[in-house]
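This is what each chain is made of:
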Amino acid sequence: VVLVIGYISYKYLVTGPDIVNDAPPPPMSNSATAGNKNAMPEVNTRDPVEKMAAYKKNTIVFFGSQTGTAEDLASKLAKDLSSRLGLKTMTADLDDYDFNDFDKFPEKHLAVFVMASYGEGDPTDNAQEFYDFIKDPEFESGATELPDLNFTVFGLGNSSYEFFNKIGRDVHRRLGELGGKAVGPYGEGDDGTGTLEEDFMTWKEELCATLVSEWGLEEHEPVYEPTIDVTEEEIAPTSSDVYLGEPNLKHLLASKQKVMPPAPYTQSNPALAKVLAARNVFKGTDRQCIHMEFDATNLKYVTGDHLAFWPINSNVEIDRFFRAFGIKEPNQVIKISLIDCTSIIRVPSPTTYDTVVRHWLEINAPVSRSVLASVAPYAPSPEAKAKATKLASDKVLFAEEVTSKCYNIARLMLHISDNQPWDSVPFNFVIETIAPLQPRYYSISSSSLEDPSTISITAVVESSKPKNSDHEVKGVATNHILAMERRFSGHSDDSYELAGPRGQMTYDEHGVRGMIHVRHSLFKLPAKSTVPIIMVGAGTGVAPFRAFIRERGVMQSKGRECGPAMLFFGNRNRATDFLYEEEWPQYKDWLTVVTAFSRDCAEKVYVQHMLEKHSKEVNDLIMKGSMFYVCGDATKMARDVHKTLIRIIAKEQNLSREQAETIIRKMRSRDKYQEDVW
Ligand code: FAD
């Protein structure tokens, strides 16, 4: 009965023309559908309505994503709405579509928007055009409204930022103003409180309940419906056609010829940059903070930009993953093809199991309840299945037994099954369920004016043993950077496969390369060197300020006058973590460095305390038109600094709190108050 009703409601939802047969392949496909008998023909259009019709979809899940989280949640939602409610779903990168004909969005179809807010309440790069368009849309037909649009929005944000979830809220409001009908509640996730995944699950349940009660859909026991196919191929892994970690065809061809891939270097075509210098800038401690310099020839950057570093997974976590999933022949060549052309797959193939796990999947991240719920049916024993299902369905138990113990997926699976492998999990499920491995961003700590062909970063190595956990947790990228530093300094290190695809990432005895690209940022020095600057940076938050200070130093050496600058720097101990201490004295004519070392005295001192202590000087500079920059921890430091500045301005200028807040708001709108926080 369920199936029949489900079929009727689903058939009722589906409209649209026949499938178009002869369209060229989409850019990311790598001929991914070739040879797959089950695949639909590919349709190349930037009109979402036309695409949905061509593929007989009734639900489109758009994402505005910067770091990949919104994309991952959108993809999981599309799969859930399909397997639980029988909707015909597709995911869609907002950047891949134009919205001029969106007023033709068919009745009884659904558009979902999973929208991250970024920086100071800005849209993500891939959502910028859509966001601008809906402010004042000009539809091709001359219509001004979206009367048939059924929509729902989930915003991803961080409550540490002033403009929390601005984009999700704006899109929800604007689509409503344009006449769209909101389906279910607007949802919001908060990364600042660490509840994003749970917030998303709660919203998703409410959306599903609405679709059942108001749209008459039937709910099914979810079953995995693959949108990609993985087949083992009779090709040697050494064949020059097999991708071994090369991100695209240009890299593969360069690998074959043992040359560097050609510029321009972008997010889809990263550079393989030589490490020119690497050292630990913490002194005499077991913690490490790596200053690393990359050869930036052919990479364009401007002081204040970010460097994206493409990490790989560590050998120990890859081995654990293979054990958990029972992968015995990691070097077996596989081909990945699309069954559903609307799904987005970024892994080029043919490739190997090892390559996918090493280069493409975020295997080390904390495991989420939804991932555990979807893998539970594949447990190797009834006991393990019951345990996994119970943990996945109980939010409190999951928090106690899984989250607080910092399990990643493989560690959790092996824990649940008493080390038995879960070898019936299909590999297409693995690729579709584990989030894609993302580049990590670093504030560039070098000045492009001083040296446009070198980019440096300052990265603190993430490694700790949380109190409830029986193991150390390590960051993926920073431990990869540490392994590179060790090789560069002549130490042996086998924690990461540094040689990379076909040995392209190492050379000579100690030479090593990193896969990188530059992301432009709005965090910038004022054009005039005489404008005063106040910089507040805790820990590696000092990185862009090193770049700013060195840039002004170069300007000074060229005869330009430099306005006064104050650097408020905080860390744990002066003796070990005073980053770049030896560099500051040369700028003493115009630079004042104020430090806050939280563990050097009985009472903890942070940058905001020192800011308050220097209240008068800070206010004087602000009255002279100073820029105010904050960089580092978003969760606490940036908020505390903001509150402190309100107090300083109120006190020194004898104003009310509200008046001081207005001054800071104006500073922000004129780009005089800038944050680079994470
Ligand atoms: P990840 O693997 O991403 O892990 C993140 C954290 O989770 C780590 O603390 C890790 O120990 C912990 N963890 C790992 N596994 C688990 C688990 N199973 N359960 C629970 N916890 C776990 N950082 C800098 O050092 N310097 C900079 O200049 C800098 N600039 C930045 C600029 C921007 C714009 C942004 C967005 C970020 C910046 N960062 C900077 C942060 C940086 O991008 C990385 O987030 C950081 O280096 C950690 O990356 P990772 O891959 O080592 O850790």
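Note on numbering: residues in each chain are counted from 1, in written sequence order. Reporting of local features is limited, given that this is a predicted model, to residues whose pLDDT is at least 70; pairs of side-chain atoms are given and counted only at 80 or more, and all residues count toward the totals for whole chains, interfaces and linings. Hydrogens and water molecules were not included; the side-chain quantities draw on all heavy atoms of the structure.

The next thing to look at is the sheet that holds strand β22 (residues 591-597). By way of backbone hydrogen bonds, the strands of a sheet pair with one another, either parallel or antiparallel. Paired strands, in this sense, are two strands between which DSSP finds at least two bridges. Only DSSP runs of H or I covering at least 4 residues are called helices, and only runs of E covering at least 2 are called strands; the numbering of each starts at the N terminus. With parallel pairing, the 5 strands of this open sheet are ordered in space as β22-β21-β20-β23-β24. Sheet topology places β22 and β24 (673-677) at the edges, where each strand pairs with a single neighbour. Neighbouring strand axes in the sheet, compared pairwise and without regard to direction, differ in orientation by 10 degrees on average. The sheet contact formed by strand β20 (residues 533-538) and strand β21 (residues 565-571) spans 6 bridges and is parallel. Residue A538 lies in a different strand from β21, and its bridge partner there is G570. Its contacts with the sheet put helix α20 (residues 637-652) on β20, β23 (627-632) and β24, and the angle it makes with β23 is roughly 155 degrees. For helices, the axis comes from a line fit to the C-alpha atoms of the stretch in contact; other axes are also lines fit to C-alpha atoms, and the angle between any two N-to-C directions lies between 0 and 180 degrees. Should any heavy atoms of two residues lie within 4.5 Å, those residues are counted as being in contact.

Here helix α4 (residues 128-135) crosses helix α5 (residues 166-177) at 40 degrees, and the two axes come no closer than 10 Å. With respect to α5, the element α4 is oriented oblique. In the packing of α4 onto α5, the handedness of the crossing is left-handed. Counted together, F130, Y131, I134 and K135 of α4 and K166, I167, D170, V171, R174 and L175 of α5 form the full contact between these two elements. Orientation categories follow fixed angle ranges, with anything under 35 degrees roughly parallel, anything over 145 roughly antiparallel, 65 to 115 roughly perpendicular, and all other angles oblique. Left-handed describes a crossing whose near helix is turned anticlockwise from the far helix through less than a right angle; right-handed describes the clockwise counterpart.

This brings us to helix α6 (residues 196-215). Each residue after the first adds 1.5 Å to the expected span of a helix. Over its 20 residues, α6 extends 27 Å from the first C-alpha to the last, a length consistent with the 28 Å expected when each residue adds 1.5 Å. For α6, the complete set of buried residues consists of L196, E198, F200, M201, W203, K204, L207, C208, T210, L211 and W215. G216 sits one or two residues past α6 and shows a positive phi near 70 degrees. For the exposure calls, accessible area comes from a 1.4 Å probe over protein chains only, and a residue counts as buried if that area is under 20% of its type's maximum, exposed if over 50%, partly exposed in between.

Now for the sheet that holds strand β12 (residues 333-338). One open sheet holds the 3 strands; their spatial order is β8-β12-β13, and the pairing between them is antiparallel. Looking at the sheet topology across the chains shown, the edges are occupied by β8 (228-232) and β13 (351-352). Pairing geometry for β12 and β13, over 2 bridges, is antiparallel. Bridge pairing in β13 places V333 opposite T352.

Here we come to the domain arrangement of the chain. Boundary definitions for the domains trace back to an automatic or database domain assignment. Once the domains are mapped, the chain shows domain 1 (2-29 + 40-215) and domain 2 (533-677). One C-alpha centre belongs to domain 1, the other to domain 2, and the line joining them spans 41 Å. Tallying the contact residues gives 7 residues for domain 1 and 10 residues for domain 2. Accessible area that two parts lose when put together, evaluated with a 1.4 Å probe and summed over both, is termed the buried area. Where domain 1 abuts domain 2, roughly 670 Å² becomes buried across the two surfaces, and 39% of that area is made up of carbon and sulfur atoms.

Another aspect to go through is the site of the ligand. Close contacts around the ligand come from 25 residues, with Y441, Y442, T458, A477 and T478 the closest. What qualifies as a polar contact is a pair of N or O atoms within 3.5 Å, subject to a donor-acceptor requirement within protein and to the restriction that residues adjacent in sequence count only when both atoms come from side chains. At a separation of 3.3 Å, a nitrogen atom of the ligand approaches a polar backbone atom of N364. Here a nitrogen atom of the ligand sits 3.3 Å away from a polar atom, N or O, in the side chain of T540. Per-residue and other accessible areas follow the Shrake-Rupley method at a 1.4 Å probe size, with only the shown protein chains counted as cover for residues. Within the complex, 79% of the 970 Å² of free accessible area of the ligand lies under protein. For the shell around the ligand, the secondary structure elements donating two or more residues are β14 (440-443), β15 (454-460), β17 (473-474) and α15 (476-488). In terms of residue count, the dominant contributor to the shell around the ligand is β14 (4 residues). For this classification, Asp, Glu, Lys and Arg are treated as charged, while Ala, Val, Leu, Ile, Met, Phe, Trp, Tyr, Cys and Pro are nonpolar and the rest, including Gly, are polar. For the shell around the ligand, the residue count by class is 13 nonpolar, 8 polar and 4 charged. Any residue with a heavy atom positioned within 4 Å of a molecule or strand is treated as near that molecule or strand.

To continue, consider the side chain of S446. With respect to the helices and strands, S446 occurs in the loop between β14 and β15. Engagement of the side chain of S446 in a polar contact is seen with the side chain of Y301, the distance being 3.0 Å. Not counting chain neighbours up to four residues away, the residues in contact with S446 comprise Y301, T303, T454, I455, S456, R546 and A547.

Remark: helix α8 (residues 315-325) packs on helix α9 (residues 353-360), axes separated minimally by 10 Å, with the N-to-C direction vectors making an angle of 130 degrees. In this view, α8 runs oblique relative to α9, as classed from their interaxial angle. Seen from above, α8 lies across α9 with right-handed handedness. Residues N315, I318, F321 and F322 of α8 pack against Y353, D354, V357 and R358 of α9. Class assignment for the residues of the contact of α8 with α9 results in 5 nonpolar, 1 polar and 2 charged.

Further remarks concern the pairing of strand β10 (residues 289-295). Burial analysis of β10 places 5 of its 7 residues in the buried class, the great majority of the element. Pairing analysis gives 7 bridges linking β10 to β15, with the strands arranged antiparallel. Its bridge partner lying in β15, H291 is registered against T458.

Turning our eyes to something else, we now look at empty space enclosed by the protein. Where empty space is left in the structure can be found by rolling a water-sized probe over the atoms. Cavities and pockets were defined on a 1 Å grid built over protein atoms only: a cavity is a set of grid points that admits a 1.4 Å probe from which the probe cannot escape, a pocket is an open set flanked by protein on both sides within 12 Å along at least five of seven lines, and lining residues are those with an atom within 4 Å of any such point. Grid points are joined across faces, edges and corners, and a volume is the space filled by probe spheres set on the points. Scanning the entire structure with this criterion turns up 3 cavities of 30 Å³ or more. Its volume calculated, the largest cavity comes out at about 40 Å³. Every residue lining the largest cavity is listed: E246, P247, H251, A254, S255, P261, L272, P501, Q504, M505 and M515. Counted by class, the lining of the largest cavity contains 7 nonpolar, 3 polar and 1 charged residues.

The omega angle of the peptide bond from A263 to P264 is 5 degrees, so this bond is cis rather than trans. By the secondary structure assignment, P264 is in the loop between α7 (249-257) and β9 (271-280). Residues S349 and P350 are joined by a peptide bond in cis, for which omega reads 10 degrees. Among the structural elements, P350 can be located in the loop between β12 and β13. A positive phi is found at D508, a non-glycine position, where the angle reads about 50 degrees. Along the chain, the position of D508 falls in the loop between β18 (506-507) and β19 (511-519). Phi is positive for Y580, close to 60 degrees, though the residue is something other than glycine. Relative to the helices and strands, Y580 is located in the loop between α17 (574-577) and β22. Given the relative accessible area of 1%, Y580 is considered buried.

With that settled, the discussion passes to the nonpolar core. Take the buried Ala, Val, Leu, Ile, Met, Phe, Trp, Tyr and Cys residues and link them wherever side-chain atoms come within 4.5 Å; each set so joined is a nonpolar core. Ranked by internal contacts, the top residues of the largest apolar core, which has 46 residues, are F321, F325, L372, I409 and F427. In terms of residue count, helix α13 (residues 409-416) provides more of this core than any other element does, 6 residues in total. Setting aside residues no more than four positions away along its own chain, F325 makes contact with I409, M413, W422, D423, V425 and V430.

Looking now at the packing of aromatic side chains. Only the six-membered ring of Trp is used, alongside the rings of Phe and Tyr, when aromatic pairs are assigned; centres must lie within 6.5 Å, and planes under 30 degrees apart are stacked while those over 60 apart are edge-to-face, with the rest tilted. All chains considered together, the criterion is met by 28 aromatic pairs. Our definition puts a charge over a ring when NZ of Lys or CZ of Arg is within 6 Å of the ring centre and also within 35 degrees of the ring normal. It is K274 that lies over the ring of Y507; its NZ or CZ is 4.8 Å from the centre. Positioned above the aromatic ring of Y441, the side-chain terminus of R519 is 3.6 Å from the ring centre.

To continue, consider the confidence of the model for the chain. Detailed reading of predicted coordinates is not advised where the pLDDT is low. The predictor attaches a confidence to each residue, and that confidence, scored 0 to 100, is pLDDT. Of all residues in the chain, 94% attain a pLDDT of 70 or more, and the chain-wide mean is 92. In this model, residues 1-35 is a region of pLDDT below 50 whose contacts with residues beyond four sequence positions or in other chains number 61 contacts.

Here we take up the environment of I312. Mapped onto the fold, I312 is located in the loop between β11 (306-309) and α8. For I312, a relative accessible area of 8% gives the class buried. On a C-alpha basis, the gap between I312 and L437 in space is 8.0 Å, while along the polypeptide they are 125 residues apart. If near-sequence neighbours (up to four positions away) are discounted, I312 is found in contact with R358, H359, L437, V476, H480, Y496 and E497.

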